[in-house]
Amino acid sequence: VSCSSDDNHDDDHDHEHEEANTVIYTLTNKADAADIVTLTFQDLDGEGGSDGTVDVSGPLTANATYSGELELLHEHEDGDIDDVGEEIAEDDSEDHEIFYITNVSGLSIDTTDEDGDGNPLGFDTNVTTAAAGNGSLTIAVIHEGKKPNNGTVADALSGEGTTDIEVTFSIAVQ
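Computed from a predicted model, the values in this text were never measured in an experiment.

Draft legend 1. Examining the side chain of Thr-129 more closely. When you line up the elements, Thr-129 lands in the loop between strand 8 (124-128) and strand 9 (133-143). Here the side chain of Thr-129 touches Thr-61 through a polar contact of 2.6 Å, landing on its backbone oxygen. For Thr-129, the side chain forms a polar contact with the main-chain nitrogen of Ala-64, separated by 2.8 Å.

The following block contains the structure:
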């Protein structure tokens, strides 16, 4: 299992929320509710400290459709947890977009939620698998990116946008 995290945020951009240090992407098979795959990244000491940890609970099932839900949290050393995703969705959705990039053949991820202006947001998704395969899935949270855009991180970052967090998971479809 491999993971990379890139916290390339520009200190000139004001965030009205804590930075996420935990990413949880839960995928539930629409035909079999017991088939749940959870992708988790956690970096409690933040940028510059120890490397974050990554966990993928198991493989995705081939030829299946999953509903996906992304959680962005800021976990404090004292045990308190701020739901950064909820804050973004309620108060700051027009300034954020979540991208899902994969190199697994036949794996598609479609955003099903929108910001207040009707642009894709990315906390809720539909994930469709095809044949078995292995590869990576990258989740990138872009702040103040270009909206609307052509659906790529590069286009979203072509203006004043920055990457709040970017995490890559190794995944398998079986």
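Draft legend 2. Here's a closer look at the nonpolar core. If you look at the biggest cluster of nonpolar residues, it comprises 31 residues, and the most contacted ones within it are Tyr-25, Leu-39, Leu-70 and Leu-72. Contributions of two or more residues to this core are made by strand 1 (22-29), strand 2 (36-42), strand 4 (65-75), helix 1 (84-91), strand 6 (96-102), strand 9 and strand 10 (162-173). Sorting elements by how many residues they give to this core places strand 10 first, with five residues. Among residues more than four places away in sequence, those in contact with Leu-70 are Val-23, Ile-24, Tyr-25, Ile-98, Tyr-100, Gly-122, Phe-123 and Ile-139. Formed by five residues, the second largest nonpolar core is a distinct cluster that contains Phe-99, Ala-140, Val-153 and Ala-156.

Draft legend 3. View of the pairing of strand 8. On strand 8, burial follows the alternation: Thr-125 and Val-127 on one face are buried, whereas Asp-124, Asn-126 and Thr-128 on the facing-out side are not. Looking at chain direction, strand 4 and strand 8 are connected through five bridges and run antiparallel. From the neighbouring strand, Ser-67 faces strand 8, where its bridge partner is Asn-126.

Draft legend 4. Expanded view of unusual backbone geometry. Cis geometry is adopted by the peptide bond preceding Pro-148, which originates at Lys-147 and carries an omega value of -10°. Not every positive phi belongs to a glycine, and Asn-63 is a case in point at roughly 55°. Phi angles above zero are rare outside glycine, and Glu-144 is one such case at about 55°. Looking at the secondary structure, you find Glu-144 in the loop between strand 9 and helix 2 (153-156). Residue class for Glu-144 comes out partly exposed when judged on its relative accessible area of 29%.

Draft legend 5. Inspection of the environment of Phe-123 at higher detail. Following the sequence through the fold, Phe-123 ends up in the loop between strand 7 (108-111) and strand 8. By relative accessible area, which is 8% here, Phe-123 ends up buried. If we skip the residues at most four places from it in the chain, Phe-123 touches Gly-68, Glu-69, Leu-70, Leu-72, Gly-85, Ile-88, Ala-89, Ile-98 and Asp-113.

What counts and how
- Residues numbered from 1 in each chain as written.
- Predicted model: local features only at pLDDT ≥ 70, side-chain atom pairs only at ≥ 80, totals over all residues.
- Heavy atoms only, no water.
- Helix = DSSP H or I, 4+ residues; strand = E, 2+ residues; numbered from the N terminus.
- Polar contact = N/O pair within 3.5 Å; in protein donor to acceptor, adjacent residues only side chain to side chain.
- Core = buried A, V, L, I, M, F, W, Y, C linked by side-chain atoms within 4.5 Å.
- Buried < 20%, exposed > 50% of the residue type's maximum accessible area, 1.4 Å probe, protein only.
- Contact = heavy atoms within 4.5 Å.
- Pairing = 2+ DSSP bridges.

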